[in-house]
Amino acid sequence: MVMRIGGMASGMDIESMVNDMMKVQRMKMDRLEQQKTLAQWRQEYYNNVNKTFGNFILDTKKDFELTYATASGMTFNKSVSSLGWVKKASVSDEDIAEISARADAAKGTYKVHVDRLASNWSCASSAGISTGDKDTLANQFGLTDPSDKIEFTIDTKVDGEVKSETFTITNEELSTTSINDLVKKINGADIGVTAVYDMDADRFFFQTDDTGSESTVKITDNSSVNGNKFLTGAGSILKLQYLDDAGTSQDVADATEYTGIDAQFDFGAAQDITQSSNEFTMNGINFKLKDTGDFTIDISTN
């Protein structure tokens, strides 16, 4: 028969013995926790170093103009040849052009003659257009015939993309829609054109947003208002006219494509160069044309 003696009966402090043994285990756990904390500190330190070094690289590239940011905040790299501080550019007449040089611009002096600036296509009312109150189209233009309606299509080409939008105002809507409502519809269509109605001048203005011959617009008018078209042709309600190449006023024709005008200039012996915009880069030189005339560019090392 085996006899077992409990702790109290044996006079042994079992609780202290257990606590002493647990202290050893806790010391091991404490060392593990310390090692874990140290590892976390090292990781945070390395992350901060990497972040600081990364920001240094980004800031340095930005300072050296090796990156550019889009409107959405995205950053892209630029080539070394695009650097604008390696070469110095001076222009003899800043009223005609603003000039800056990229790193790949060749040193030297260049003569430039600007024949014309790039422009968009535009038209406007040749005279006041209203015959009554301007609160609605019906009142403004005296539209009382049950067959009166406004319907036209605007076709455009913007950055090589063809766009089209049809605008319709039924006979019933003529008495609830104003000309400013129509302007908002045109501008809200996002087809590369802008319409404006000036109430004080009582004129309607219409133009393409982009310049150059690649920017086109065509208006096809299927309206019937007082027996006339609304936008196009002689006798149209809005009396729209534009200036042709000779500077002569012409009625806006129906279903006819119109284009903007390219900038044209001579660069040294290279004559009649065209650009769709007044801001462009050529031969490593950044141009911003502001007027016609002659000027000289001097490119040197900064």
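Values in this document were obtained by computation on a predicted structure and should not be read as measured data.

**Student:** Break down the layout of surface pockets for me, citing the residues and quoting the values.
**Tutor:** With a probe scaled to a water molecule rolled over the atoms, the places where space remains empty come into view. Looking at the largest pocket, its volume works out to about 370 Å³. Trp121, Ser122, Tyr242, Leu243 and Asp244 are the residues nearest the centre of the largest pocket, which is lined by 18 residues in total. Of all elements in the fold, only β6 (122-125), β12 (240-243) and β14 (257-259) reach the threshold of two or more residues within the lining of the largest pocket. Classifying every residue of the lining of the largest pocket gives six nonpolar, nine polar and three charged.

**Student:** Before we move on, could you go through the sheet that holds β14 and cite the residues and values that matter?
**Tutor:** Pairing is antiparallel across the open sheet formed by four strands, whose spatial order is β8-β7-β11-β14. Every other strand in the sheet has two partners, leaving β8 (161-169) and β14 as the edge strands with one partner each. Direction aside, neighbouring strands of the sheet carry axes that sit 20° apart on average. As judged from the nine bridges shared by strand β7 (residues 150-158) and β8, these two strands associate in the antiparallel manner. In the strand pairing of β8, Thr153 is matched with Thr166.

**Student:** Explain the sheet that holds strand β19 (residues 293-301) to me, using residue names and the numbers behind them.
**Tutor:** Taken in spatial order, the five strands make up an open sheet running β3-β19-β5-β15-β16, and their pairing is antiparallel. Single-partner strands in this sheet number two, and they are β3 (87-91) and β16 (270-275). Averaged over all adjacent pairs, the angle separating strand axes in this sheet is 30°, with direction ignored. Both strand β15 (residues 263-267) and β16 contribute to a ladder of four bridges, which runs antiparallel. Each residue of the ladder has a partner; that of Phe267, found in β16, is Ala270.

**Student:** Run through the packing of aromatic side chains, naming residues and quoting values.
**Tutor:** In total, this model carries eleven aromatic pairs according to the counting rule given. Each residue in the set Tyr110, Phe265, Phe267, Phe280 and Phe287 is aromatic and connected to the rest through ring pairs, giving one cluster.

**Student:** Describe unusual backbone geometry, listing the residues and the values that go with them.
**Tutor:** Despite not being glycine, Asn226 shows a phi value in the positive range, around 55°. Among the secondary structure elements, Asn226 is positioned in the loop between β11 (216-221) and β12. Exposure remark for Asn226: the relative accessible area of 40% places this residue in the partly exposed category. Of note, the phi angle at Ala255 is positive, near 55°, even though the residue is not glycine. Among the structural elements, Ala255 can be located in the loop between β13 (249-251) and β14.

The rules behind each value
Residues numbered from 1 in each chain as written. Predicted model: local features only at pLDDT ≥ 70, side-chain atom pairs only at ≥ 80, totals over all residues. Heavy atoms only, no water. 1 Å grid on protein atoms, 1.4 Å probe; cavity = no way out; pocket = protein on both sides within 12 Å on 5 of 7 lines; lining within 4 Å. Points joined across faces, edges and corners; volume = space filled by probe spheres on them. Helix = DSSP H or I, 4+ residues; strand = E, 2+ residues; numbered from the N terminus. Nonpolar A, V, L, I, M, F, W, Y, C, P; charged D, E, K, R; others polar. Pairing = 2+ DSSP bridges. Axes fitted to C-alpha atoms, helices over the stretch in contact; angles between N-to-C directions. Phe/Tyr/Trp six-rings, centres within 6.5 Å; stacked < 30°, edge-to-face > 60°. Buried < 20%, exposed > 50% of the residue type's maximum accessible area, 1.4 Å probe, protein only.

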